[in-house]
Amino acid sequence: MTTPFKNGFAPVNEEITAFDLDVTGRIPAELNGRYLRNGPNPLSLDDPSAAHLFFGEGMVHGVRLRDGRAEWYRNRWVRSAHVAERLGEEPRPGPVHAGMDFAANTHVIGLGGRTFATVEAGALPYELGYELDTIGACDFDGGLSGGFAAHTHLDPVTGELHALAYFFGWDHHQHLVLDPKGVVRRVTDIPVPDQPMVHDFALTERFVVIYDLPVTFSMPHAERGDRLPYAWNDDHPARIGLLSRESGDLRWVDAPPCWVFHTLNAYDDGDQVVVDVVSYPKMFVDARLDLGGAPTLDRWRIDLTTGRVGRARLDDRAQEFPRMDERRTGRPYRYGYTAATRELFDVVGGVRGGELEDLPDGAFDNTLIKHDLRRGTQEARQLGRGAYVGEPVFVGAGEAEDDGYVLAFVNNPARGAADLVILSAQDFTGEPVATVHLPARVPLGFHGSWIAD
């Protein structure tokens, strides 16, 4: 069996709890809470889940910071019934949608004082305890008629959490709005043909921005046994939906064919809607992750008068995992952060390892990038071969947009273990404010959150 779980994605095989972690530098006193990150970590490389990057059982890694100390590190598998059984434990109680009991492996978020591991495509989220123990699958007290979403967007003004769910058995997507306590307040079904995949979306003050792109459910690939039977479909036109948050009216506009895993941010600009995304020329060609081309950071301008979508390149380097100051979600903003992680692009997109070796270090390495979107400039912080740096998460400290810190897990090859690196957003290429030395390696994963106490 071939597996993508090698190099940076190679799984760890034990759960660890460690206290009073060593720190270089000084942890800012205002960072009181947990930095959590989810990702696929197969129980065994002999398991079918190890054959596809998106099917490894979810494992959440967490560091608890308080009063300038790194109090603990924990890593825990999300206990689906299968994982619990393999670990010799009783299954946790909770609902299951369409027989899809899955150890959610894509994101981990906080909502209403609770913690949730999330995933898309029909499976329900799992609720976790403060110390990352699994409580059970969750449908928000019956508010979900199906699964949830990997990516959610919180409106910082209203406190509403927005999600966009999909499932191959539906003829629609589902827009969900939850209140700050985690109660589902609104559900809107959005008819779509061909059962397309939708990994992320965008939010502005006026609109929910929906990506209907040419990756759709493929029965031929399902019949041949592909675990994720979604494939690039040239017969499915690309379009963008603008769902009015006030009236509920939906408008579709034609868009250039591409694929988007992740949104950086979006906002209203008069008669235009600005959407910043990481886009691929194609994705899931023949239902594979490693065909389609390298991703770039792009800006779409949707003209509400003409219905036309303009596209401009913000940065042509291969990069992913865009994040920003989420206090500016849906509003005009200036700064964004991305990761250019060579081990990720060995697996995703079609940037081959051999091609990467031919590029100079300055063109491609394990690098964190800070984008100044007003000036059109970037600052790059290179972390070296073997660092397999993860997603950069911004944590605000003061009122200014870039007054805060950028947190990321970074592998330290010399130690054979990971560090939690805390950077000053305003001194992005300077010395880290603090480096928390973890007792174990943290494999490359997907998404995480800073969840303040």
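Residues numbered from 1 in each chain as written. Predicted model: local features only at pLDDT ≥ 70, side-chain atom pairs only at ≥ 80, totals over all residues. Heavy atoms only, no water.

### Describing the sheet that holds strand E20 (residues 259-269)
Strand pairing in a sheet relies on backbone hydrogen bonds, with the paired strands running either antiparallel or parallel. The antiparallel open sheet is built from four strands, whose spatial order is E20-E21-E22-E23. Only two strands of the sheet have a single partner each, and these edge strands are E20 and strand E23 (309-315). Ignoring which end each strand starts from, the neighbouring axes of this sheet average 25° apart. Where strand E21 (residues 272-280) and strand E22 (residues 296-303) come together, eight bridges link them in antiparallel fashion. Across the sheet, serine 279 pairs through a bridge with threonine 296, a residue of E22. (Pairing = 2+ DSSP bridges. Helix = DSSP H or I, 4+ residues; strand = E, 2+ residues; numbered from the N terminus. Axes fitted to C-alpha atoms, helices over the stretch in contact; angles between N-to-C directions.)

### Quick word on empty space enclosed by the protein
Inspection of the entire model under this criterion finds one cavity of 30 Å³ or more. In this structure, the largest cavity spans a volume of roughly 40 Å³. Every residue lining the largest cavity is listed: Tyr166, Phe167, Phe168, Trp170, Asp171, His172, His173, Val192, Gln195, Pro196 and Tyr230. Partitioning the lining of the largest cavity into residue classes produces seven nonpolar, three polar and one charged. (1 Å grid on protein atoms, 1.4 Å probe; cavity = no way out; pocket = protein on both sides within 12 Å on 5 of 7 lines; lining within 4 Å. Points joined across faces, edges and corners; volume = space filled by probe spheres on them. Nonpolar A, V, L, I, M, F, W, Y, C, P; charged D, E, K, R; others polar.)

### Topic: the pairing of strand E32 (residues 448-452)
By the criterion of burial, E32 is predominantly enclosed, with four of the five residues buried. Pairing analysis gives five bridges linking strand E3 (residues 33-40) to E32, with the strands arranged antiparallel. Residue pairing in the sheet places tyrosine 35 in a bridge with tryptophan 450 of E32. (Buried < 20%, exposed > 50% of the residue type's maximum accessible area, 1.4 Å probe, protein only.)

### Here's the deal with the packing of aromatic side chains
A complete count under the given rule lists 21 aromatic pairs for this structure. On the basis of an interplanar angle of 80° and a centroid distance of 5.6 Å, the ring pair of tyrosine 211 and tryptophan 300 is categorised as edge-to-face. With a gap of 89 residues between them, tyrosine 211 in strand E15 (residues 207-212) and tryptophan 300 in strand E22 connect regions that are remote in the sequence. On the basis of relative accessibility, which here comes to 1%, the residue tryptophan 300 falls in the buried class. In textbook terms, an aromatic cluster arises when at least three aromatic residues are bridged by ring pairs, as seen for Phe54, Trp259, Phe261, Tyr280, Phe284 and Phe446. A cation over an aromatic ring shows up here: arginine 74 above the ring of tryptophan 72, its NZ or CZ 4.5 Å from the ring centre. Its end group placed over the ring of tyrosine 335, lysine 370 keeps NZ or CZ at 4.5 Å from the ring centre. (Phe/Tyr/Trp six-rings, centres within 6.5 Å; stacked < 30°, edge-to-face > 60°. Lys NZ or Arg CZ within 6 Å of the ring centre and 35° of its normal.)

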